[in-house]
Amino acid sequence: MGKNVDGRIRSRRRRARRRRRRNYQRRMLFLTAMAVLLAFFGEKVWSASENMRQRTWPELESAQDIDRGRGALRNLNSPNAVLMDAETGDILEGYHSGKRIYPASLTKIMTAVLAVEYTEDMEEVITLPSGFFQKLYGENASMAGFEPGEQVRLKDLLYGILLPSGAECCLAFAERIAGSEEEFVSLMNEKAKELGMKDTRFCNSTGLHEEGHYSTAEDIAVLLQYALKNDRFREAFTSESYHTMSSETHPEGFTFTSSMFRHLDGTEISDGKILGGKTGYTPEAGLCLASLAVVSEKEYILVTAGAEGNHETEPYHVMDAVNVYNRL
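Undergrad: Sorry if this is basic, but what is going on with the packing of aromatic side chains here?
TA: With the rule as written, the count across this model stands at eight aromatic pairs. A centroid spacing of 6.1 Å and a plane angle of 20° characterise the contact between Y242 and F256, whose relative ring orientation is stacked. With Y242 in strand β5 (residues 241–243) and F256 in strand β6 (residues 255–257), the pair connects residues that are 14 residues apart, well separated along the chain. By relative accessible area, which is 1% here, F256 ends up buried. For the ring pair F254 and F256, a centre distance of 5.3 Å and an interplane angle of 85° mean the geometry is edge-to-face. One aromatic cluster is present, built from ring pairs that chain together F146, Y159, Y242, F254 and F256.

Undergrad: So what exactly am I meant to see when it comes to the packing of helix α5 (residues 154–162) against helix α6 (residues 167–178) here?
TA: Relative orientation and spacing of two packed helices are given, respectively, by the angle between their axes and the distance between those axes. The contact between α5 and α6 brings their axes to 8 Å, and the two run at 130°. Taken together, the axes of α5 and α6 lie oblique to each other. For the pair α5 and α6, the crossing hand works out as left-handed. Where α5 approaches α6, its residues L154, L157, L158, G160 and I161 are matched on the opposing element by C169, C170, A172, F173 and R176.

Undergrad: Just checking my understanding: could you explain the pairing of strand β2 (residues 91–95) for this structure?
TA: Judged from the four bridges that link them, strand β1 (residues 80–85) and β2 form a sheet pairing that is antiparallel. Across the sheet, A81 pairs through a bridge with Y95, a residue of β2.

Undergrad: Can you help me understand the nonpolar core in this one?
TA: Residues F146, L157, F173, F233, I301 and V303 are the most contacted members of the largest nonpolar core, which totals 67 residues. Those residues in contact with F233, other than ones at most four positions away along the chain, are I109, A112, V113, V116, L162, L224, A227 and L228. Core analysis: the second largest hydrophobic core is formed by 20 residues, L73, L264, I274 and V295 among them.

Undergrad: How should I be thinking about unusual backbone geometry in this particular structure?
TA: Backbone phi values are negative for most residues with the exception of glycine, while trans is the configuration of most peptide bonds. Phi is positive for S165, close to 65°, though the residue is something other than glycine. Turning to its location among the elements, S165 is positioned in the loop between α5 and α6. The class for S165 is buried, based on a relative accessible area of 5%. One non-glycine residue with positive phi stands out, namely D271, at about 55°.

Undergrad: Honestly, the side chain of T107 in this entry has me stumped. Any pointers?
TA: Considering the arrangement of structural elements, one finds T107 in helix α3 (residues 107–117). Judged by its relative accessible area of 0%, T107 is buried. Within polar-contact distance, the side chain of T107 engages the side chain of H213 at 2.9 Å. Apart from residues lying up to four places away in sequence, T107 is in contact with M188, F202, N204, S205, T206, G207 and H213.

Undergrad: Hey, could you run me through the pairing of β1 in this one?
TA: Looking down a regular strand, the side chains alternate between one sheet face and the other. Among the six residues in β1, six count as buried, and that is most of the element. Across the two faces of β1 the burial is the same, with N80, V82 and M84 and A81, L83 and D85 all buried. Alignment of β1 against strand β10 (residues 298–307), held across six bridges, turns out to be antiparallel. Considered in β10, the bridge of V82 is made with V303. Linkage of β1 to β2, two consecutive antiparallel strands, is achieved through a turn of five residues, within which G89 is found at a positive phi near 80°.

Quick notes on the rules
- Residues numbered from 1 in each chain as written.
- Predicted model: local features only at pLDDT ≥ 70, side-chain atom pairs only at ≥ 80, totals over all residues.
- Heavy atoms only, no water.
- Phe/Tyr/Trp six-rings, centres within 6.5 Å; stacked < 30°, edge-to-face > 60°.
- Helix = DSSP H or I, 4+ residues; strand = E, 2+ residues; numbered from the N terminus.
- Buried < 20%, exposed > 50% of the residue type's maximum accessible area, 1.4 Å probe, protein only.
- Axes fitted to C-alpha atoms, helices over the stretch in contact; angles between N-to-C directions.
- Parallel < 35°, antiparallel > 145°, perpendicular 65-115°, else oblique.
- Left-handed = near helix turned anticlockwise from the far one by under 90°.
- Contact = heavy atoms within 4.5 Å.
- Pairing = 2+ DSSP bridges.
- Core = buried A, V, L, I, M, F, W, Y, C linked by side-chain atoms within 4.5 Å.
- Polar contact = N/O pair within 3.5 Å; in protein donor to acceptor, adjacent residues only side chain to side chain.

So yeah, pure geometry; function would need other evidence.
Given below as structure tokens:
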């Protein structure tokens with residue numbers, strides 16, 4: 001009897017040990033499977049979150065970017081904007097300010113910068129080459145109004161770049177300074193690099209659309225802040241209108257009007273004044289504006305880009321500038 005009892009006890013113990021081994025093996029298989037699943041799905045989740053971060057965060061340039069409902073840049077028509085202290089160059093607010101844009105005719109700010117820096121005598125008179133006019137007409141480029149072969153003062157060409165956004169004035173300077181637009185564009189890109197414009201590449205001097213021609217609102221603000229230190233540039237940039245010298249083509253000369261000021265019903269804003277601006281537009285770039293204003297005796301630069309509309313719609317880029325400056 002005692003032997004039978006001992007046998008049953010040993011048998012139960014063996015069965016218990018086998019159950020424990022099987023349970024242990026099952027737990028290990030379960031844990032191994034869970035580890036594999038977590039590794040697989042964890043990588044997918046991390047990859048998705050990383051892709052989302054890469055898509056999202058390059059567009060968020062500052063704390064102001066995260067909440068567009070606050071600050072001076074709230075509720076704009078323009079999807080890209082930056083507000084800068086014109087004296088120090090400090091970025092005060094930004095919204096998608098580091099995202100690549102097509103700069104359209106804001107490109108001409110750089111063209112004008114090189115024009116003044118590579119020209120000793122703005123009173124010099126040159127004959128406009130006729131070769132590039134047909135090309136510009138075919139591209140429907142904005143023109144100041146000069147004619148092929150016309151005798152033109154360099155100062156008039158500078159104002160023709162910055163006020164009516166004349167493409168013929170850009171190409172006249174490009175060929176005079178560098179021999180060709182292609183070589184002039186190399187100077188533009190060298191200057192951009194010198195100024196720390198980190199995400200800018202120019203393909204032409206006029207801002208006509210090309211896929212590889214891009215900048216950012218912040219880079220354009222950096223460029224304008226630099227440009228305004230030059231008295232010749234600043235004088236032209238802040239002019240509302242300008243009358244050219246007489247020529248055989250235009251015996252009495254003719255008058256330019258700033259493409260920004262003609263959209264303004266007066267330049268006064270709250271405790272200040274809009275001093276100057278350069279507009280830009282192509283269908284791909286939308287409505288763009290780089291402007292300067294003084295508010296409470298302090299100067300500000302605002303660059304906006306990408307607003308919907310065109311030359312026939314409301315000037316949403318100019319409206320944005322008025323709203324921002326009035327909020328300061």
